[in-house]
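A look at the structure
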Amino acid sequence: MRRLFSLPALFAFALSVSTAGCATPPDDGDDHGDMTESDVSAAFEQSFREKDDAKADSTGCSGVRVPDRGPFAKRVALTFDDGPNPATTPEIVATLRRHQVPATFFINGSRVKGDTEKAILADIVSDANFKLANHTWSHVNMAEQSSAEVARQIDKTSDVLTAAGAPLEFFRFPFGSSTCATAEAARSRGLKITGWHVDSADWCFAAGGGVCKPATFRYVPDAYRSDMKGYVMSQVHATEGGILLFHDIHRSTADALEGIIEALKADGYTFTNVSDLNTFPKLNGSSAPPAPVAFVGDACKASTDCAFDVWGVTGTCHTAGFCSIPCEGFCPDKAGKAPTFCVQDPTQSTPAGVCVPMAVSENGHCADLPGTLDASADRYVGTSNAPAKTAEVCMPVAP
Ligand SMILES: [Zn+2]
């Protein structure tokens, strides 16, 4: 997915203008000066939808999605982007330390302008609880850059990290904006592309002086418009953990962090880092793109052949010899695969919806699935609101 516009950089720029007298964050706002507020909102919403695209079961070339979908067992990994900012990053580091909370800082190399910033990096590197990672040189939209500029954006910041004594491990695309070519540029350097599960929307709260306005970002419910902690907790509850995205350049984020950590602890969440193999095995398992996996309707011999996750469910091998998941009304589709349909499972004597492939050329009109027969079947609606429908599908042959 490509995104056309940049978001936090604009607000970093706005913040640096509006907080005269403070040590203002360095910015790269010159690259984004022609963005309108609606541009910003549109870009952020695209990123938000991509993160929640439940039909995708692999990360592909996305810079937003994380290959691990949980369950996270109430473990969270905090991440902070766009720094270092001498006005706020040390305070965030101190808050994290006070609570013994690990974190990863995705830095922009161009912000490391002098000894002050270098000292912040050295302090982060010296703490085993913290990681430094690469967020490009100047927070450009990588999807719009030449391959030479993509390489320069990554490598110059890797040089800064190496000089600070940090290993080169994790990389995050600004705005999560990636193409297959830019993803390959990061992976070919051994970097793990790190998206997020929960966006704190702290950029939106920061832009409005602590209030996330509907015109800026419509996905924050009104009850949370001036309650970033409440919004973050509602999002964390929805995923029961995962990787959380913040920006350490914002005063409002530094102010809210302690309350968010305390709320997480009070709700029984524990803290880990993006490098945690138990919580994020796929993120940490390989620098290569995920191998293609089976999907609903593909032939199988055992459920190990159907190790895909979709809609929060892991596929299993139906006795009729195709990968499936249970369903009520709807089934997921995937590009390049036979479309799917929810039917009453004829091998079950009780109401039980099961996703089956439609009879199409991809499966030789069911000839590739010898445990099934090409048949017309009614949709299994169950408790869903799906309308009644009939389709030509590959029906399991009842035993
Ligand atoms: Zn960023």
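Computed from a predicted model, the values in this text were never measured in an experiment.

Basis of the calculations
Residues numbered from 1 in each chain as written. Predicted model: local features only at pLDDT ≥ 70, side-chain atom pairs only at ≥ 80, totals over all residues. Helix = DSSP H or I, 4+ residues; strand = E, 2+ residues; numbered from the N terminus. Buried ≥ 20, exposed ≤ 12 C-beta atoms within 10 Å, placed from the backbone. Arc of directions from axis to C-beta. Contact = placed C-beta atoms within 7 Å. Axes fitted to C-alpha atoms, helices over the stretch in contact; angles between N-to-C directions. Parallel < 35°, antiparallel > 145°, perpendicular 65-115°, else oblique. Left-handed = near helix turned anticlockwise from the far one by under 90°. Nonpolar A, V, L, I, M, F, W, Y, C, P; charged D, E, K, R; others polar. Expected span 1.5 Å × (residues − 1). Bend = angle between axes of the 7 residues up to and from the residue. pLDDT = per-residue confidence, 0-100. Core = buried A, V, L, I, M, F, W, Y, C linked by C-beta atoms within 7 Å.

Here the residue pair glycine 70 and proline 71 is connected by a cis peptide bond, since its omega of 5° sits within 30 degrees of zero. You can see proline 71 is positioned in the loop between α2 (37-51) and β1 (75-81). Residue proline 84 is reached from glycine 83 by a cis peptide bond, and omega for that bond is 5°. With respect to the secondary-structure elements, proline 84 resides in the loop between β1 and α3 (89-98). In this structure, histidine 365 is a non-glycine residue whose phi angle is positive, near 50°. Relative to the helices and strands, histidine 365 resides in the loop between β14 (353-357) and β15 (372-378). Positive phi, close to 85°, is recorded for cysteine 366, a residue that is not glycine.

Another aspect to go through is α3. Looking at α3, one finds that the buried residues are Thr89, Ile92, Val93 and Leu96. Down the axis of α3, the sector holding all buried residues measures 100°, keeping them to one side. In this fold, the buried residues of α3 make contact with β1, β2 (103-107), α4 (115-125) and α9 (251-266).

Now for the packing of helix α5 (residues 147-163) against helix α6 (residues 180-187). Their axes nearest at 10 Å, the elements α5 and α6 cross at an angle of 40°. Judged on the interaxial angle alone, α6 and α5 are oblique. Along this stretch, α5 crosses α6, giving a crossing that reads as right-handed. In contact with Ser147, Val150, Ala151 and Ile154 of α5, α6 contributes Ala181, Thr182, Ala185 and Ala186. For the contact of α5 with α6, the residue count by class is six nonpolar, two polar and no charged.

Given a rise of 1.5 Å per residue, 16 residues ought to cover 22 Å, and the 24 Å separating the end C-alpha atoms of α9 matches this to within 8%. The axis of α9 is deflected most strongly, by about 40°, at leucine 257. Among the residues making up α9, those that are buried are Ser252, Thr253, Ala254, Ala256, Leu257, Ile260, Ile261 and Leu264. Directly beyond the C-terminal end of α9, a positive phi value near 85° is found at glycine 268.

A separate point is the confidence of the model for the protein. When pLDDT is averaged along the protein, the result is 86; 83% of the residues meet or exceed 70. Counting contacts from residues 1-35, a segment whose pLDDT is below 50, to residues more than four positions away or on other chains yields 74 contacts. For the stretch residues 287-291, pLDDT sits under 50, and the model shows nine contacts to residues farther than four places along the chain or on other chains.

Right, let's get into the nonpolar core. In terms of nonpolar packing, the biggest core is built from 68 residues, with Phe105 and Leu244 touching the most fellow members. When residues in this core are grouped by element, the largest group, six residues, is from α9. Apart from the residues within four sequence positions on either side, phenylalanine 105 is in contact with Phe80, Gly83, Ile124, Phe130, Leu132, Ala133 and Asp248.

Turning our eyes to something else, we now look at the environment of histidine 99. Locating histidine 99 in the fold gives a position in the loop between α3 and β2. C-alpha of histidine 99 to C-alpha of lysine 265: the two residues are 166 residues apart in sequence and 9.8 Å apart in space.

Mapping arginine 69 onto the fold places it in the loop between α2 and β1. Using a count of 19 C-beta atoms within 10 Å as the deciding quantity, one classes arginine 69 as partly exposed. A C-alpha to C-alpha distance of 8.1 Å links arginine 69 and glycine 242, two positions 173 residues apart in sequence.

Moving on to the packing of α3 against α9. The contact between α3 and α9 brings their axes to 9 Å, and the two run at 5°. Judged by the angle between their axes, α3 and α9 are roughly parallel. Here Glu91, Ile92 and Thr95 of α3 come into contact with α9, specifically with Ala254, Leu257 and Glu258. Here the residues of the contact of α3 with α9 sort into three nonpolar, one polar and two charged.

This next bit is on the environment of phenylalanine 330. Inspection of the secondary structure puts phenylalanine 330 in the loop between β12 (323-324) and β13 (340-344). Judged by the 18 C-beta atoms lying within 10 Å of it, phenylalanine 330 falls in the partly exposed class. Once the C-alpha coordinates of phenylalanine 330 and tyrosine 380 are considered, the two residues, 50 residues apart in sequence, prove to be 8.5 Å apart.

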